[in-house]
Amino acid sequence: MNNRRLNADSILAPASGERPKVLVILLHGVGANGEDLMSLAEAWQELLPDAVFVSPHAPEPYDGGHPDAYQWFSLEGITPENRTDRVVRNAPMLSRFIDEQLALYHLTDRQLALVGFSQGTIMALFMALKRPRPCAALLGYSGRLAGAESIDPVFSRPRVLLIHGTADQTIPVSELYAAENALKAHHVPVIAIAEPGVAHSISPEGELLGGQFLKYCLETEPTQEPAAFIEGMQQVLRRTVR
């Protein structure tokens, strides 16, 4: 069993100054660190004034050797066949971290949102489907499923928004559609958005859409009906992009 621990390396307290009512955990990409996605937290504070934003460093030093850079799993010699095993290796550590943060702030999975970018999205997607209780929302940028077999079995079906640029040269946009189809096949409520011309990054539009998605999911009761989720989010998207 992997007994290493993650730490809340970057934290942004609720803008309201009150006790947190929502927990947003941000999972960075390979070669970055817990500070990398905190600009999202700052951008979303007005939308989510009662949220505490927490971002850990991934558990492994980055293969590239840069100081203060980390990875959730190594990319050296990675293949579609061995990627899932690498994700599974650090998944229990991430699950423990989520439980510790929920306990610290006296919150439940219903008050939790997971946000990932690239490799962080891979971890978030895997983790959210395997936990015994669904989180309120899963927002993934520029990611993919760990592997075709990783989705079975599905224990939880959180509401999911995946955003991916069509010009992504690191993880092709085809992975967005593959993940969308796999999630739908397992009755996970999901919306996938392909952003024309966007590379392996989070665009201002993607940031805005992501924040509105989190607000919607954290303020509405969860539903196991994908159609109800999609209808509600379509209204949110129309208001956001007008």
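Residues numbered from 1 in each chain as written. Predicted model: local features only at pLDDT ≥ 70, side-chain atom pairs only at ≥ 80, totals over all residues. Heavy atoms only, no water.

## A closer look at the nonpolar core
One finds Leu23 and Leu183 to be the most contacted residues of the largest nonpolar core, which totals 43 residues. When contributions to this core are tallied by element, the ones reaching two or more residues are strand E2 (22–27), strand E3 (51–55), helix H2 (83–104), strand E6 (112–117), helix H3 (119–130), strand E8 (160–165) and helix H4 (174–185). With eight residues, the top contributor of residues to this core is H3. In contact with Leu23, other than residues within four places in its own chain, are Val52, Val54, Gln101, Leu102, Tyr105, Leu107, Gln111, Leu112 and Ala113. By size, the runner-up hydrophobic cluster in this structure holds 34 residues, among which are Met38, Ala41, Phe213 and Met233. (Core = buried A, V, L, I, M, F, W, Y, C linked by side-chain atoms within 4.5 Å. Buried < 20%, exposed > 50% of the residue type's maximum accessible area, 1.4 Å probe, protein only. Helix = DSSP H or I, 4+ residues; strand = E, 2+ residues; numbered from the N terminus. Contact = heavy atoms within 4.5 Å.)

## Comments concerning H3
Count 3.6 residues to each turn of an α-helix, and residues three or four apart come out pointing the same way. Taking 1.5 Å per residue, 12 residues should reach 16 Å; H3 reaches 17 Å between its end C-alpha atoms and fits that length. Along H3, the positions that sit buried rather than exposed are Gln119, Gly120, Thr121, Ile122, Met123, Ala124, Leu125, Phe126, Met127, Ala128, Leu129 and Lys130. (Expected span 1.5 Å × (residues − 1).)

## Considerations on the pattern of salt bridges
Pairing is possible between side chains that carry opposite charge, provided their charged atoms lie close to one another. In the structure shown here, the tally under the stated rule is seven salt bridges. For Asp109, the salt bridge is made with Arg131, and the minimal N-O distance between the two is 3.0 Å. With Asp109 in the loop between H2 and E6 and Arg131 in the loop between H3 and strand E7 (137–141), this residue pair connects regions lying 22 residues apart in the sequence. The salt bridge partner of Glu175 is Arg144, with a shortest N-O separation of 2.7 Å. In this pair, Glu175 sits in helix H4 while Arg144 sits in the loop between E7 and E8, placing the two residues 31 residues apart along the sequence. (Salt bridge = Lys/Arg side-chain N within 4 Å of Asp/Glu carboxyl O.)

## Re the sheet that holds E8
A sheet is described by the order of its strands in space; here seven strands give the open sequence E1-E3-E2-E6-E7-E8-E9, paired in mixed fashion. Two strands bound the open sheet, and with one partner strand each, they are strand E1 (10–12) and strand E9 (190–195). Neighbouring strand axes in the sheet, compared pairwise and without regard to direction, differ in orientation by 15° on average. In the sheet, E2 pairs with E6 via five bridges, with the strands oriented parallel. Of the residues in E6, the one forming a bridge with Leu27 is Gly116. (Pairing = 2+ DSSP bridges. Axes fitted to C-alpha atoms, helices over the stretch in contact; angles between N-to-C directions.)

## What about the environment of Pro14?
Among the secondary structure elements, Pro14 is positioned in the loop between E1 and E2. Those residues within four positions of Pro14 in sequence are excluded, and the remaining contacts are Pro20, Gln45, Pro49, Asp50, Ala51 and Val52.

## Comments concerning the side chain of Gln45
With respect to the helices, strands and loops of the structure, Gln45 is situated in the loop between helix H1 (38–44) and E3. A polar contact of 2.9 Å, which involves the side chain of Gln45, links it to the backbone oxygen of Ala13. Those residues in contact with Gln45 that sit more than four places away from it in its chain are Leu12, Ala13, Pro14, Ala15 and Phe53. (Polar contact = N/O pair within 3.5 Å; in protein donor to acceptor, adjacent residues only side chain to side chain.)

## Section: the side chain of Ser156
Of note, Ser156 is situated in the loop between E7 and E8. Looking at Ser156, its side chain comes within polar contact range of the main-chain nitrogen of Arg133, at 3.4 Å.

## Digging into H4
For H4, with 12 residues, the first-to-last C-alpha span of 17 Å sits near the 16 Å given by 1.5 Å per residue. Restricting attention to buried positions, one finds in H4 the residues Leu176, Ala179, Glu180, Ala182 and Leu183. Contacts from the buried residues of H4 go to H3, E8 and E9. Positive backbone phi, approximately 60°, marks His187, located one or two places after H4.

## Some remarks on the packing of H2 against H3
Close contact between H2 and H3 brings their axes to 9 Å; oriented N to C, the two are set at 70°. Here H2 is positioned roughly perpendicular relative to H3, judged by the angle of their axes. The residues of H3 that touch H2, namely those facing Arg83, Val87, Val88, Asn90, Ala91, Leu94, Ser95 and Ile98, are Ile122, Met123, Phe126 and Met127. Taken together, the residues that form the contact of H2 with H3 break down as nine nonpolar, two polar and one charged. (Parallel < 35°, antiparallel > 145°, perpendicular 65-115°, else oblique. Nonpolar A, V, L, I, M, F, W, Y, C, P; charged D, E, K, R; others polar.)

## Concerning the pairing of E7
Most of E7 sits inside the fold, with five of its five residues counted as buried. Residues Ala137, Leu139 and Tyr141 of E7 are buried on one face, and the alternating residues Leu138 and Gly140, pointing to the opposite face, are buried as well. Strand direction decides the pairing type here: E6 and E7, joined by five bridges, are parallel. Paired with Val115 across the bridge in E7 is Leu139. In this fold, E6 hands off to H3, which returns the chain to E7; that crossover is right-handed. Here four bridges tie E7 to E8, and the two strands are oriented parallel to one another. By the bridge assignment, Leu139 is partnered in E8 with Leu161. (Right-handed = clockwise from strand over helix to strand, strands pointing away.)

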